[in-house]
Amino acid sequence: MEILDLETFLPYRLYHLADLVSRDFSRLYKDHFGLTRPEWRVLAGLGQHGTMTASALGEQSAMHKTMVSRAVAELERRRWLARRQDDSDRRLEHLTLTKAGAEAYRNMVPLAKAFEQQMLGRLTTSEQTALTAGLAALERKFG
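Now for a description of the structure that goes with this document. (Residues numbered from 1 in each chain as written. Predicted model: local features only at pLDDT ≥ 70, side-chain atom pairs only at ≥ 80, totals over all residues. Heavy atoms only, no water.)

**What about unusual backbone geometry?**
And step 1. Notably, alanine 62 is not glycine yet its phi reads approximately 55°, a positive angle.
And step 2. One non-glycine residue with positive phi stands out, namely arginine 79, at about 65°.
And step 3. As for its placement among the helices and strands, arginine 79 is situated in the loop between helix H4 (65-77) and strand E1 (81-85). (Helix = DSSP H or I, 4+ residues; strand = E, 2+ residues; numbered from the N terminus.)

**Notes on the layout of surface pockets**
And step 1. In this structure, the largest pocket spans a volume of roughly 1,800 Å³.
And step 2. Taken together, 41 residues make up the lining of the largest pocket; nearest its centre are Ala18, Val21, Ser22, Met119 and Leu135.
And step 3. Where the lining of the largest pocket is concerned, the elements lending two or more residues are helix H1 (10-33), helix H2 (37-49), helix H3 (54-61), helix H5 (99-120) and helix H6 (125-142).
And step 4. Looking at the lining of the largest pocket, the element that brings in the most residues is H1, giving 13 residues.
And step 5. Residue composition of the lining of the largest pocket, by class: 23 nonpolar, eight polar and ten charged.
And step 6. Put simply, the second largest pocket is a space of about 220 Å³.
And step 7. At the level of secondary structure, the elements contributing two or more residues to the lining of the second largest pocket comprise H3, H4 and strand E2 (93-97). (1 Å grid on protein atoms, 1.4 Å probe; cavity = no way out; pocket = protein on both sides within 12 Å on 5 of 7 lines; lining within 4 Å. Points joined across faces, edges and corners; volume = space filled by probe spheres on them. Nonpolar A, V, L, I, M, F, W, Y, C, P; charged D, E, K, R; others polar.)

**So, the packing of H2 against H4**
And step 1. One way to put it is that H2 packs onto H4 with a least axis distance of 8 Å and a crossing angle of 75°. One element, H2, and the other, H4, form an angle in the roughly perpendicular class. Counted together, Pro38, Glu39, Val42 and Leu43 of H2 and Met67, Ala71, Val72, Glu74 and Leu75 of H4 form the full contact between these two elements.
And step 2. Residue classes in the contact of H2 with H4 are distributed as seven nonpolar, no polar and two charged. (Axes fitted to C-alpha atoms, helices over the stretch in contact; angles between N-to-C directions. Parallel < 35°, antiparallel > 145°, perpendicular 65-115°, else oblique. Contact = heavy atoms within 4.5 Å.)

**Examining H2**
And step 1. Compared with the 18 Å implied by 1.5 Å per residue over 13 residues, the 18 Å span of H2 between its first and last C-alpha is a close match.
And step 2. Along H2, the positions that sit buried rather than exposed are Pro38, Glu39, Trp40, Val42, Leu43, Ala44, Gly45 and Leu46.
And step 3. Taken together, the buried residues of H2 touch H1, H3, H4, E1, E2 and H5.
And step 4. With its phi angle positive at about 85°, glycine 50 sits one or two positions after the end of H2. (Expected span 1.5 Å × (residues − 1). Buried < 20%, exposed > 50% of the residue type's maximum accessible area, 1.4 Å probe, protein only.)

In structure tokens form, the structure reads like this:
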């Protein structure tokens, strides 16, 4: 019987690494802002793109609609997010950050960028270049 060695199986390695990085990064936004992963993803998506629908947020962040819905409800409860019903399709809601939400996003950006730089700082310049090129190549093939 053939055995699959997970430690060398690329899909598993990518998933495992993404999970490790995500868990490490989640401590940062949980400690500073009290956010869960889905809440952070919604905040980051709206901060980057401005107004979005819940469906667009789900696609952009690769989250199930129930996770997006819960995150939206919590950010709305905090008054970091506002909903506006679409004029032509009343089933759609446009989500935007409030002034307080935009302020939280502005405060989060430098922390996120510093985390990224710290992570990349563990690699040599040539390793950083190879990582960026390899990720871009995989994204082109699978995207």
